[in-house]
Amino acid sequence: MKSYQKLTTTVPQPAACWVEEEGAASTPTGRGKLAPWWVGSGLLVAAVLLSTLTVWVLQQVSGGWPGPTLPPKCLLVPESHRFDCYPERRVVVTQELCESRGCCFIESPPPAGGKRGVPWCFYPPDFPSYTLESLNQTALGMVGLLVRREKAYYPRDIEMLRLDVEFETDTRLHIKITDAANPRYEVPLEVPRAVKKAENPIYSLDFSREPFGVLLRRRATGTVLLNTTVAPLIFADQFLQIATSLPSRFLYGLGEHRGTFLHSLDWNTLTLWARDVSPTETFNLYGAHPFYLLMEEGGDAHGVFLLNSNAMEVALQPAPGLTWRTIGGVLDFYIFLGPDPNMVIQQYQQVIGFPAMPPLWALGFHLCRWGYGSSNETWQTARAMRNYQIPQDAQWNDIDYMDGYRDFTLDPQKFASLPSLVEDLHKHGQRYVMILDPGISSTNPRGSYWPFDEGLRRGLFLNTTQGQPLIGQVWPGFTAFADFSNPDTQQWWLENLQRFHAHVPFDGLWIDMNEPSNFMDGSEDGCPPGELDSPPYTPAVLGDSLSAKTVCASAKQKASVHYNLHNLYGLMEAKATASALIQIRGKRPFIISRSTFPSQGQYSGHWLGDNRSQWKDMYYSIPGLLSFSLFGIPLVGADICGFSGSTSEELCTRWMQLGAFYPFARNHNTQNEKAQDPTAFSPAARTAMKDVLLTRYSLLPFLYTLFHRAHLQGDTVARPLFFEFPRDVATLGLDRQFLWGRSLLVTPVLEPGVDSVTGYVPRGVWYNFYTGFSVNSSGEMMKMSAPLEHLNLHVREGAILPTQKPETTSEMTRRNPLRLIVALSQSGTAWGDLFWDDGESLDTFERGSYSYLVFNVTQNIFTSTVLHASTEATEVTIDTLSIFGVREPPSKVLLNGQERPFSLNNQVLTVSDLGVSLSQGFSLWWL
C-alpha cells in the first residue's frame, strides 16, 4: 500500500503521496490517513489472500501454471476488480496485444450467450497514471495541475491537465478535468455558476497524489461514493477514461436503453450515441443521458452527471465499479449528494433546468397512426371516438399527410380536407399534432421547394468536409439536414412553420428522426478518411461505426463538428421548435421528440420510440418511464398497444390500462396493420378502455399539479417506489409498478391470460382508489384481483387527491366540479395540494396568474386554504369530499359551522353538494 498524507496548499515535494480533504486546515497534520487503492485496505488484503490461495490451489491441481509465469501483481487483482485495458470490440485480445499496452493478461472462461465477461486484459496496480503536481485553494474550491510522465497507448496523450473543483452547494460538487494548455470542445449547455463556496457540505473530498485520484465520502455515514484510484486516468485527444468504485450495486439511469430499471453490474456496457433503431436490449437508442442515480446501503442516494456529448460508453462491473469512456470533450462531473433520491433528481435539474409546464390538453389522450391514408380517414377515427364518447384531446398524423414525405407540404389529393379537419377538432375542444423530420428533400426542381432553396441560400445545412451540403437519404429520398446549432436555422425553421400554420393551424409538433436518422451510412458519398469518422477508439455503438445510419461525424456544423454535436441534435431541434411554437401560437408549446439530451425537458417530452405489439414491450415501457423521470423529462410515454406488429384485444386492453397512467398517453400504430384505436375492438374491450381513460381524466387535476411541482422544483411525476420508500430494500428492483407522485400506486397486468396480478404493497395503509377499502401492509407482495376490465390503483394513507368529474376532453372536464379524495393516515391526518390556471397560457406561475390550494386534515377537521388565487378559480367549485378510513360513524358534519348531510359506507365518509368556490377556503368537521 502507498502511504498518503494530508496536503497543504503549498506542495511538500519530498512526499510520495498526499491527500487533501475539503475543509481541512492548511497546515500539515503529522501522520496522514490512508486513501486506499481499493475501497478499504481490509477488503484488498482479503482479496489478495483469496486470490493467492486460488492460484496455489490451481497450481497444485494442474501441476503448475501452464505457459509463462504471471507477475504476482496481476494475480493479486480479484476478477471483479479487473478494469478493462483492451475494451476494443471485434478484436481477439492476445497476450502480445495486451502486454504491448503494459497490462496484465489472464484468460478466463467466456460467459454463455456471447456476453462480455471478466476482461482478459486488465490494468496492473502500478499502471502509470497522472500525478497531482499542485493543488491550490480558490474562492470556490481548488485548482490543481495533473501531469502524466509516461504516455498511455492512445495517440495524442495530453500530458498536463487542469483540475477544477468547486464546492457549489452543500449537496453539489463540481469536478472538471481539462487540457491545461489548449481549449477543447465543451457542451454548450447553460449551467448555473456558483458565486460562493458551500459552507457546510455534506461531503468530504480527498485526493491521492500518485496515482492521481478522487476519494469522495458522505460525511454523515463515511460511505465512499467515488474512488477513482481503482484504475488509471487516461486523457488523450480522442480517448478519455476514468473509473471508480461504487458503494453498492443499485444503479439506475445512463440512458437511453431498453432493459430493467435497475442495471445489472455483471460486466454490462451501456453505450450513449443517438441511434434510430427499434428499442432492443443492449443497443444504444435514440437519446444520450450520461447521468446515474445510485442507492447506497441504508437508503441514502447520490447522482453523478458527466456533462459530455461525445460518443461514450459506461462499463459496469461487479466490484462494484464503473468506467466512463468518451472520445472527445472534457471530463466535467457534477455530483449530487441528495441524500434522498427525490432530492438527487431535484439537484440534477437545478443544473440542467426544470421541465416546462405542459398545457393541460397535453395530459389528455392522444391518438395517432401511420397509415390513416387520408384526412377523411383520420377524421372518421376522431368522429368514431366522439360517437362512443371515449375521451380524446388530440388527433395526430404521421408522415402520410405530406406530399412525397416532404416537410411543410400537404398531399393535395389525400389530405386536401386537413384544414377542415383541424377546424372541426378545434370546434370540439380538441387539438391537432403533426410530425416533422429534420431531413429536407434536396431533389426538387430549383424554385419549387422553398424550405430547401432558402436553406441552401442561407447556408443552414450540415456540410461535408468540402463545404457542400451533406446529402443523405430519409423518407422523401435524398435529403440535406438542418443545422440547428446555427441561430439562423431557428429563424428559417420558424418561417417554414409560420407558412404551414397559416394553412393548417396545428397545435403541437412531433419531431422524429432527429438522431439524426439516415437510411445511408454517412452520406451518398460515404465518409472521408480521417480520425473523426474513424477515431482511434470507437465505443460499442450499434453498427460498429459512428456513421452507421446517421451522418458523417466529420460533417461541419456552425457550433462544431458533428463528432461533438451528434448527441445534441434532438435537443437543438426541440429548442428551435419550442421557440417557434411560442412565437406562432403565443401559448405553451407541446412537442414530443424522439432524440433527447439532458436539459430537454425544458423544451419537449419524449416517447419511447418504435416499440412492438408484444407483452414484453409493454413491460419494458415502465423502466423507460422511470428512467426519463430521472432524466428530467417527465412528459413521457410509450406507443400504447405497440407500434409495429399486430396487437391482440387482450394486449391492447391491458396496455390501454397501463398507458392511461403514462404521463404522456398516446396510442400509435404502424401502416398495414389492423386498427388499434379503442373503437376498433369489441364492446367489452372498448368499454374497459373508455373506463380507464375516464379514470385518467378524473385525475387530471392531480396529474396537472404533479407537473406543476416538476416544473417548479424538479419533482418526478411517474415515480419509482423506492423514491418514497428508500430504506425498504424490497423496492429497489421494482419496475412492474410505479407511483404517480407520492401517493397513487399503479399495478398493471403485464402478462396474458390472467385475472389477478401480484404486486408489492409498501408498509402502511393503502386504499382501493375506486371503493376506499383499506389494506394494511407490512411491506409485502399481494395478490390482487384483476379481471380484464380492471386496473389496480391504490391511494397511500395521508394523501388528498383532487379529482374532477371526467368528460371526453380536458377542456370540458376542467369546467366540472371537483371531488377531493381524502385518504386518512392511521393517525387521522392527510395532506394534498392543487395547482390551477387557464391550462395553456405562458408562464402563469411566474406571472402570478394561477391558484394554489393546500388541503389538510387533522383531528377530524378538513381545511382548504387558498394560498394564491386567480380569476379562473372562481369558475370551478368543490362539490364532494370522500374521506377514506373514517372508523367511527360521525353524529354530524359541519361545513364552515353549518350542518350538512353525509353518508358513511365501509369507512368512507361522503359529503356532497358542497358548492364551494375553488377561490374560497373552507373547513369541514365531522364529530
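Residues numbered from 1 in each chain as written. Predicted model: local features only at pLDDT ≥ 70, side-chain atom pairs only at ≥ 80, totals over all residues. Heavy atoms only, no water.

1. What about the sheet that holds strand β35 (residues 764-768)?
The strand order across the open sheet formed by six strands is β31-β32-β33-β38-β35-β36, and the pairing between neighbours is antiparallel. The open sheet terminates on both sides in strands that have one partner only, identified here as β31 (718-719) and β36 (774-777). Both β35 and strand β38 (residues 792-796) contribute to a ladder of three bridges, which runs antiparallel. Following the sheet pairing, asparagine 768 is matched in β38 by histidine 794. (Pairing = 2+ DSSP bridges. Helix = DSSP H or I, 4+ residues; strand = E, 2+ residues; numbered from the N terminus.)

2. Some details on the side chain of asparagine 564
Within the secondary structure, asparagine 564 sits in helix α9 (residues 562-565). For asparagine 564, a relative accessible area of 9% gives the class buried. A distance of 2.9 Å separates a polar atom in the side chain of asparagine 564 from a polar atom in the side chain of serine 560. Excluding anything up to four places from it in sequence, asparagine 564 contacts Tyr185, Ser309 and Asn310. (Buried < 20%, exposed > 50% of the residue type's maximum accessible area, 1.4 Å probe, protein only. Polar contact = N/O pair within 3.5 Å; in protein donor to acceptor, adjacent residues only side chain to side chain. Contact = heavy atoms within 4.5 Å.)

3. Observations regarding the state of the cysteines
Every disulfide links exactly two cysteines, by a covalent bond between their sulfur atoms. Inspection of the entire model under this criterion finds five disulfides. In this model cysteine 85 forms its disulfide with cysteine 103; the gap between the sulfur atoms is 2.0 Å. Of note, the bridge from cysteine 85 to cysteine 103 carries an S-S torsion of about 70° and is right-handed in sense. In this pair, cysteine 85 sits in the loop between α2 (72-75) and α3 (95-100) while cysteine 103 sits in the loop between α3 and β1 (104-105), placing the two residues 18 residues apart along the sequence. In this structure, cysteine 85 and cysteine 103 share a single accessibility class: buried. (Disulfide = S-S within 2.5 Å.)

4. Some details on the confidence of the model for the chain
Residues with a pLDDT of 70 or more make up 93% of the chain, whose mean pLDDT is 93. In this model, residues 1-67 is a region of pLDDT below 50 whose contacts with residues beyond four sequence positions or in other chains number 115 contacts. (pLDDT = per-residue confidence, 0-100.)

5. Description of the environment of leucine 76
Tracing the chain through its elements places leucine 76 in the loop between α2 and α3. For leucine 76, a relative accessible area of 32% gives the class partly exposed. Along the chain, leucine 76 and proline 124 lie 48 residues apart, while their C-alpha atoms are 9.0 Å from each other.

6. Quick word on the packing of aromatic side chains
Taken as a whole and judged by the stated rule, the model has 49 aromatic pairs. Ring-pair connections join several aromatic residues into one group, and the members of that group are Phe408, Phe452, Phe461, Phe484, Trp492, Trp493 and Tyr569. Above the ring of tyrosine 449, the side-chain terminus of arginine 406 is found at 6.0 Å from the ring centroid. Just above the ring of tryptophan 450 sits the side chain of arginine 499; from NZ or CZ to the centre is 4.1 Å. (Phe/Tyr/Trp six-rings, centres within 6.5 Å; stacked < 30°, edge-to-face > 60°. Lys NZ or Arg CZ within 6 Å of the ring centre and 35° of its normal.)

7. Observations regarding the pattern of salt bridges
For the structure on display, the rule yields 45 salt bridges. Arginine 458 serves as the salt-bridge partner of glutamate 495, at 2.6 Å between the closest nitrogen and oxygen. With glutamate 495 in helix α8 (residues 487-501) and arginine 458 in helix α7 (residues 450-458), this residue pair connects regions lying 37 residues apart in the sequence. What you see here is one network of salt bridges that share partners, running through Asp276, Asp512, Glu515, Arg594 and Asp610. (Salt bridge = Lys/Arg side-chain N within 4 Å of Asp/Glu carboxyl O.)

8. Side note on the packing of helix α13 (residues 683-698) against helix α14 (residues 700-713)
At a minimum axis distance of 5 Å, the contact between α13 and α14 shows a crossing angle of 55°. Comparing their axes, α14 and α13 come out oblique. From α13, Arg696, Tyr697 and Ser698 reach across to α14, where they touch Leu700, Pro701 and Leu703. Counted by class, the contact of α13 with α14 contains four nonpolar, one polar and one charged residues. (Axes fitted to C-alpha atoms, helices over the stretch in contact; angles between N-to-C directions. Parallel < 35°, antiparallel > 145°, perpendicular 65-115°, else oblique. Nonpolar A, V, L, I, M, F, W, Y, C, P; charged D, E, K, R; others polar.)

9. Some points on a nonpolar patch on the surface
Among the surface-exposed residues, Tyr405, Trp475 and Phe519 lie close enough to one another that they form a single nonpolar patch of about 250 Å² accessible area. Mapped onto the elements of the fold, tryptophan 475 is located in the loop between β23 (472-474) and β24 (477-481). Note on tryptophan 475: relative accessible area 31%, which makes it partly exposed. (Patch = residues over 30% accessible without salt bridge, like charges linked within 9 Å, V, L, I, M, F, W, Y side chains within 5 Å. Areas by Shrake-Rupley, 256 points an atom, 1.4 Å probe, with all protein chains shown as cover.)

10. Some thoughts on helix α10 (residues 569-585)
Counted at 1.5 Å a residue, the expected span for α10 with its 17 residues is 24 Å, and the 24 Å between its end C-alpha atoms agrees. Taken from the residues just after α10, glycine 586 is the one with a positive phi, measuring 70°. (Expected span 1.5 Å × (residues − 1).)

11. Examining the sheet that holds strand β27 (residues 605-607)
Across the sheet, which stays open at both edges, the nine strands sit in the order β28-β27-β26-β25-β21-β20-β19-β30-β29 with parallel pairing between neighbours. If you trace the sheet from one side to the other, it starts and ends with β28 (636-637) and β29 (639-640), each paired once. Sheet analysis places β29 next to strand β30 (residues 665-667), joined by two bridges and oriented parallel. Following the sheet pairing, isoleucine 640 is matched in β30 by asparagine 667.

12. Structural notes on the side chain of glutamine 804
Mapped onto the fold, glutamine 804 is located in strand β39 (residues 799-804). A relative accessible area of 3% places glutamine 804 in the buried class. Polar side-chain contacts of glutamine 804 include one of 2.9 Å to the backbone oxygen of asparagine 816.

13. Let's talk about the packing of helix α12 (residues 649-659) against α13
Two numbers describe how α12 lies on α13: the axes approach to 9 Å, and their chain directions differ by 5°. The orientation of α12 with respect to α13, classified from their angle, is roughly parallel. Residues Glu649, Cys652, Thr653, Met656, Gln657 and Gly659 of α12 lie in contact with α13, whose contacting residues are Ala685, Ala688, Met689, Val692, Leu693 and Arg696. Residues belonging to the contact of α12 with α13 are distributed by class as follows: seven nonpolar, three polar and two charged.

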